[in-house]
Each structure stands twice: as structure tokens, then as C-alpha cells.
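Survey of secondary and tertiary structure
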Amino acid sequence: MKLGIVGLPNVGKSTLFNAITRAGIDTANYPFCTIESNIGVVAVPDERIEHLSGIYKPKKVTPAIIEFVDIAGLIKGASKGEGLGNRFLAHIREVDAIIHVVRCFEDKNIVHVENKIDPVSDIETINLELIFADIESLDKKIKHLEKDCRWGSQIEKNELEILEKVMSLLEKEIPVRNMNLEIREQVVVDPLFLLTSKPVIYAANISEKDLGRKPDEMELVRKVAGYAKTEGSEVVAISARIEEEIAQLDIEEKETFLKELGIKQSGLESLIKYSYSLLGLISFLTAGPQEVRAWTVKRGDKAPAAAGKIHSDFEKGFIRAEVIPCAKLLEMQSYSAAREKGLVRVEGKDYAINDGDVVYFRFNV
């Protein structure tokens, strides 16, 4: 899974990226300090693999991972090449979802590229640039289809009709993800990888003093939440500066720090949780003395597809899956004890993997 961190210059996205990856990239107080996209691969927090490791004492522990891309700042006119627009648009096409960092804090020492603190205006600036870029891409596709339709089949004419509908909605400033397209329309639009088709999570970057407050107690966050509600997106209130501090702590120090702040989990953990949900992802687990590992699959994926995540031979030669919920295995403290109690199920190729399943695949190639 690849998530793109976007936002106007100086909203805190590079600081957030530092917290995620501990990469220490430049967060100087001027626009476009992130000239090239920065990529970091981070572990998905999962207490289950820690607990399983306590049972198996494996040689290796491998968590699920997420790839974050810090994408250069955007200004008005990026779709026409202003600022670092061309690079921004090229990098954002490659991600699965967008983490849109929005400034929800006041600080006279940090300039705002528009010289005002208005999170909804900031959101609309980026959304409009993505819409303009999609209109340009779609216009080229439509012109190409119009030529083909002179001698083309009914299929091509239907495709043209769908794209013209999408174009008309984009011109009304409606992103593709909010168009409620029918399945037959989605089949035509998806291969175009339009920028506004990507799901979004809004990361409301708040000041340190606001940490621990409820979202509806902060005016700027309420504005972001109101906008997000209109398109069915999630909002996570997060203090990028505090997250950067948390990232430098070990586990015990982190737990103490979070208690002092009066919060149960870091903003980054919330962000990862929402990201998984946004993309319909879950994790299943494999466990043994060699390795305890978490694997990422789509919710609803069948057992053979999940086996294929481990090795293609597992999927090709799939026989069955032996499955036990992680909570049950932890309760019994051993796989053999769980099997004796009849807690290990044998599932076939039609079984849909559940989040937290500990799975042993049987296969033959």
C-alpha cells in the first residue's frame, strides 16, 4: 500500500513525514523545501504479532508495512506547471490513497503560502488542481475516442458517453470519488487512474496545546470535518510536531508520554488504522519458530489469494487452510493445545480471510 502525503507548502506534511519515517528531511520554513518525493516504508503497529512472538520466540518478526510518499508542495496553477506542479502530479498518480495534510493551527512564525489560515480554502485549492489535471487528461481521451467513434463499435460509443458524463461532473468541480458511478461506468473510468478517483483522509494538523481536545472543540478542525463529511472522507486530528517527538522515543517512553498527554494512541497509529479501513485492507498472520509475520490482503480475499501473498506456489497448489483467530491462539498459548480443543478450523478455497486469522496453508505443487 502506497499513501501520498500532500498539502500546501508549510502545512506540516514534511514534519509528519519525519515522524512516520524518522527520515529527518528538511522542514525549513519556506515553500518547496521538499524538492523530490521522499519515500519511507514503515511498520504497521500490531500488538498481535508481538504477543505471538512471546509464544513462538521466532528468529524473525516481520510486521505488515505501508509505504508513505512525501510529495512536493502545491500551489494554485500546479495543473498548468506552476511551482512544482508537474512533479506533484506525476508522483500522486502512483499512490493508492491520499493523506491530505491541512493546517489547523495558528503560528506567526510559520508563513502560509496564501497568507491566511483557512483549511477549507486550502483543501479546495488542491482539489481544484487535481480536478483541472483530470479534465486535461480526460479531454485528450475523449478527443481520441471521438475520432474512433466515426467508425467504431457501440462499445466505444458507450465508453465515450460515460467519459463525457464524467467530464461534465468534473467541470462542476465534483471529484470522481464522489460521482457515485455505476459499476459499468466504473469499469471504464478506473483504467484512466484519474487523480480525483483516489480516496482521501484529511490529517488536520493541530498545535501541541490542542492535543487531547475533542475535534468538535476546535473550530478549524470542525471546518475540515464539515467539508470531509460532504464527500464521505475521514478526518484525523494530529499534531505533526508531537508525532515527530514521539517517533524518537522507545516503547516504554512512548507509553509514558502518551499517558502524560492524556491520549490512548498516537495520531500516526490512528492514521494507519484509517488508511487500512479506507482501502479495505486487513492483516492475517503466520506464526512459527522461524518467523512470526503479518500479511496484508483485501477484505473479502479468499484463502488461495491470501496464500499467494506468501508464494505463488501456495496459491497454485492450494489444498486447504488451517485457521484459528489470533485471540483464541493467544488464549491457549500453543497451536497444539488449540487443536486439541477443536479451535483450529479447516477451510477450503471459498473461505474469506478475516482480520487477525492465524493461518497455516497446506499446498501441493
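The present account deals with the structure reproduced in this document. (Residues numbered from 1 in each chain as written. Predicted model: local features only at pLDDT ≥ 70, side-chain atom pairs only at ≥ 80, totals over all residues. Heavy atoms only, no water.)

**Here we look at the sheet that holds strand 6 (residues 200-205)**
- Spatial ordering of the open sheet is given by 2-4-1-5-6-7, a layout of six strands whose pairing is mixed. Looking at strand neighbours, the two that pair on one side only are strand 2 (38-43) and strand 7 (234-238), the edges of this open sheet. Between one strand and the next, the sheet's axes are offset by a mean angle of 25°, whatever the strand orientation.
- The sheet contact formed by strand 6 and strand 7 spans five bridges and is parallel. Within strand 7, the position partnered with Ile201 by the bridge is Glu234.
- Those strands touched by helix 7 (residues 219-231) are strand 5 (97-103), strand 6 and strand 7, and its axis lies near 175° from that of strand 6.
- Contacting strand 1 (2-6), strand 2, strand 4 (65-70), strand 5, strand 6 and strand 7, helix 10 (residues 267-278) runs over the sheet at an angle of about 165° to strand 7. (Pairing = 2+ DSSP bridges. Helix = DSSP H or I, 4+ residues; strand = E, 2+ residues; numbered from the N terminus. Axes fitted to C-alpha atoms, helices over the stretch in contact; angles between N-to-C directions. Contact = heavy atoms within 4.5 Å.)

**What to know about the nonpolar core**
- The biggest cluster of nonpolar side chains holds 71 residues, and the ones touching the most others in it are Leu52, Phe68 and Val358.
- In this view, Val358 contacts Leu52, Leu285, Ala287, Glu322, Val323, Ile324, Cys326 and Leu329; residues no more than four positions away in its chain are not counted.
- Residues Ile142, Leu163, Met167 and Leu169 belong to the second largest nonpolar core, which totals 19 residues. (Core = buried A, V, L, I, M, F, W, Y, C linked by side-chain atoms within 4.5 Å. Buried < 20%, exposed > 50% of the residue type's maximum accessible area, 1.4 Å probe, protein only.)

**Considering the packing of helix 4 (residues 119-149) against helix 5 (residues 154-170)**
- At their nearest, the axes of helix 4 and helix 5 sit 10 Å apart, and the two run at 155° to each other. Here helix 5 runs roughly antiparallel to helix 4, going by the angle between their axes. Remark: the crossing between helix 4 and helix 5 carries left-handed chirality. Contacts between helix 4 and helix 5 involve Ile131, Asp134, Ile135, Leu138, Asp139, Lys141, Ile142, Leu145, Glu146, Asp148 and Cys149 from the first element and Glu156, Lys157, Glu159, Leu160, Leu163, Glu164, Val166, Met167 and Leu170 from the second. (Parallel < 35°, antiparallel > 145°, perpendicular 65-115°, else oblique. Left-handed = near helix turned anticlockwise from the far one by under 90°.)

**Some words on the packing of helix 4 against helix 7**
- The geometry of helix 4 relative to helix 7 is characterised by a closest axis approach of 8 Å and an angle of 40° between their N-to-C directions. Here helix 7 runs oblique to helix 4, going by the angle between their axes. Contact residues: helix 4 offers Pro119, Val120, Ile123, Glu124 and Asn127, while helix 7 offers Leu220, Lys223, Val224, Tyr227 and Glu231.
- Of the residues assigned to the contact of helix 4 with helix 7, the class counts are six nonpolar, one polar and three charged. (Nonpolar A, V, L, I, M, F, W, Y, C, P; charged D, E, K, R; others polar.)

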